[in-house]
Amino acid sequence: MNPLERARAVPGPAFTVTLDGREMEALPGQTVAAALWAAGVTSWRTTRGEGRPHGIFCGIGVCFDCLVTVNDRPNQRACLVPVRPGDAIRTQEGTGHEH
């Protein structure tokens, strides 16, 4: 059963955000991480040294594995940042700052 049906939740209308220029739908109340997961995206950051892919790990803002760039602001924890209509989300490479 769909979790929304199970909770009898009726979210507001979906809206559009982008990940690396690709449009995707998000729902009011979702975090960036929840919206990405719902769209089938499980990795949105690469590590500094080895460039290994990372996504969400703890889901509560403790581990910093889910860092992402949102509206040109690097190092945003995707599990804590509420997604907003029109957000431009980018995969973060390393520290998220230009070299």
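Scroll up a little and you will see the structure.
Rules and cut-offs
- Residues numbered from 1 in each chain as written.
- Predicted model: local features only at pLDDT ≥ 70, side-chain atom pairs only at ≥ 80, totals over all residues.
- Heavy atoms only, no water.
- Pairing = 2+ DSSP bridges.
- Helix = DSSP H or I, 4+ residues; strand = E, 2+ residues; numbered from the N terminus.
- Salt bridge = Lys/Arg side-chain N within 4 Å of Asp/Glu carboxyl O.
- Buried < 20%, exposed > 50% of the residue type's maximum accessible area, 1.4 Å probe, protein only.
- Core = buried A, V, L, I, M, F, W, Y, C linked by side-chain atoms within 4.5 Å.
- Contact = heavy atoms within 4.5 Å.

Considerations on the sheet that holds strand β4 (residues 53–54)
Point 1. Ordered by their spatial adjacency, 3 strands build an open sheet running β4-β3-β8, and the pairing between neighbours is mixed. Looking at strand neighbours, the two that pair on one side only are β4 and β8 (92–93), the edges of this open sheet.
Point 2. In this structure, strand β3 (residues 45–46) lies alongside β4, joined through 2 bridges in antiparallel fashion. The residue of β4 that forms the bridge with T46 is P53.

A look at the pattern of salt bridges
Point 1. Within this structure, the stated rule accounts for 3 salt bridges.
Point 2. R52 serves as the salt-bridge partner of E50, at 3.5 Å between the closest nitrogen and oxygen.
Point 3. When the shortest N-O distance is used, the salt bridge between D72 and R90 registers 2.7 Å. Separated by 18 residues along the polypeptide, D72 in the loop between β5 (67–70) and β6 (73–77) and R90 in strand β7 (residues 88–90) bring together distant segments of the chain.

Topic: unusual backbone geometry
Point 1. Located in the positive-phi region is D20, a residue other than glycine, with phi close to 50 degrees.
Point 2. Looking at the element boundaries, D20 is found in the loop between β1 (15–19) and β2 (22–26).
Point 3. Overall, the relative accessible area of 46% leaves D20 in the partly exposed class.
Point 4. At F64, a residue that is not glycine, the phi angle is positive and equals roughly 70 degrees.
Point 5. In this structure F64 comes out as partly exposed when scored by relative accessible area, which is 42%.

Observations regarding the nonpolar core
Point 1. One finds V32, W44 and V83 to be the most contacted residues of the largest nonpolar core, which totals 19 residues.
Point 2. Elements with a minimum of two residues in this core: β1, β2, α2 (32–38) and β5.
Point 3. Considering each element in turn, this core owes the most residues, 4 residues, to α2.
Point 4. Apart from residues no more than four positions distant in its own chain, V32 is found in contact with V68, V70, A78, V81, V83 and I89.

Quick word on the side chain of Q76
Point 1. Within the element layout of this structure, Q76 appears in strand β6.
Point 2. According to the relative accessible area criterion, Q76 is buried, its value standing at 16%.
Point 3. Among residues more than four places away in sequence, those in contact with Q76 are C66, L67, V68, V70 and V81.

Quick look at the pairing of β2
Point 1. Relative to β2, β1 is paired through 5 bridges, and the arrangement is antiparallel. Looking at the pairing, L19 lines up with R22 of β2.

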